[in-house]
Amino acid sequence: SLLQSMCFGDLSRSQAVVCRICERVEESDGRALRSALRAGTALVALSDGFVRERTVFLLKGVLHVARNNRRYFRTMHLVVHYLVKWCRRRQELAGWLLEDGGGSGGNYRWVEAWLKECINNGGDAWA
């Protein structure tokens, strides 16, 4: 894709794209939100010398935005969906994220709490 061609071998451009993705995630819902997260999928699929730095930066950025938007179910639902998708596509990604955070998942326990809260509130919004 064009996005992958632009970002291949260029960490600063990749980080700029991630910042744009995060801005889109924060500002939108529906198609624009899904499109922004699809751009993240293209970055996750990109394999070059900066794959680890790029993907960890992406996950940290998207998680930061999601944490500030926990009250919006649609945003959180799509973010969680894409995070799982990205970690399934690049299985080392979750480990890289934990290593970057000092080895503890404490920074991301809020995601687990949010999921439990949704389930305890009926869970039918996932259907």
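Residues numbered from 1 in each chain as written. Predicted model: local features only at pLDDT ≥ 70, side-chain atom pairs only at ≥ 80, totals over all residues. Heavy atoms only, no water.

**Q** Where do I start with helix α3 (residues 31-45) in this structure?
**A** Three- or four-residue spacings in an α-helix give side chains the same orientation, since the helix completes a turn every 3.6 residues. End to end, α3 covers 21 Å across 15 residues, agreeing with the expected 21 Å (1.5 Å per residue, within 8%). Within α3 the residues assigned to the buried category are L33, A36, L37, G40, T41, A42, L43 and V44. Its buried side turned inward, α3 meets α1 (2-7), α2 (11-27), α4 (51-68) and α5 (73-89). (Helix = DSSP H or I, 4+ residues; strand = E, 2+ residues; numbered from the N terminus. Expected span 1.5 Å × (residues − 1). Buried < 20%, exposed > 50% of the residue type's maximum accessible area, 1.4 Å probe, protein only. Contact = heavy atoms within 4.5 Å.)

**Q** I'm lost on the nonpolar core in this one. Help?
**A** Across soluble globular proteins, nonpolar side chains show a tendency to be buried alongside one another. Core analysis: the largest hydrophobic core is formed by 35 residues, its most contacted members being V25, L37 and W86. When contributions to this core are tallied by element, the ones reaching two or more residues are α2, α3, α4, α5, α6 (93-100) and α7 (109-120). Among the elements that make up this core, the one with the highest residue count is α4 (eight residues). (Core = buried A, V, L, I, M, F, W, Y, C linked by side-chain atoms within 4.5 Å.)

**Q** Before we go on, may I ask you to explain the packing of α4 against α6 in this structure?
**A** What describes two packed helices is the angle between their axes and the distance between those same axes. At a closest axis distance of 10 Å, the pairing of α4 and α6 adopts a crossing angle of 75 degrees. One way to sum up the angle between α4 and α6 is to call them roughly perpendicular. Counting all contacts with α4, which are made through V51, R52, T55, V56, L59, K60 and L63, the residues of α6 involved are L93, W96, L97, E99 and D100. Along the lines of polarity and charge, the residues of the contact of α4 with α6 split into seven nonpolar, one polar and four charged. (Axes fitted to C-alpha atoms, helices over the stretch in contact; angles between N-to-C directions. Parallel < 35°, antiparallel > 145°, perpendicular 65-115°, else oblique. Nonpolar A, V, L, I, M, F, W, Y, C, P; charged D, E, K, R; others polar.)

**Q** How do you make sense of α4 when you look at a structure like this?
**A** Compared with an ideal rise of 1.5 Å per residue, which puts 18 residues at 26 Å, α4 spans 26 Å between its outermost C-alpha atoms and is within 8% of the ideal. Those residues of α4 not exposed but buried are V51, R54, T55, V56, L58, L59, G61, V62, L63, V65 and A66. Looking at the buried side of α4, the elements it contacts are α1, α2, α3, α5, α6 and α7.

**Q** I keep staring at the packing of α2 against α3 and nothing clicks. Help me out?
**A** Where α2 contacts α3, the axes come no closer than 8 Å and their chain directions differ by 155 degrees. Looking at the two axes, α2 sits roughly antiparallel to α3. As for the relative orientation of α2 and α3, their crossing is left-handed in sense. From α2, S14, V17, V18, I21, R24 and V25 reach across to α3, where they touch L33, A36, L37, A39, G40 and L43. Counted by class, the contact of α2 with α3 contains nine nonpolar, two polar and one charged residues. (Left-handed = near helix turned anticlockwise from the far one by under 90°.)

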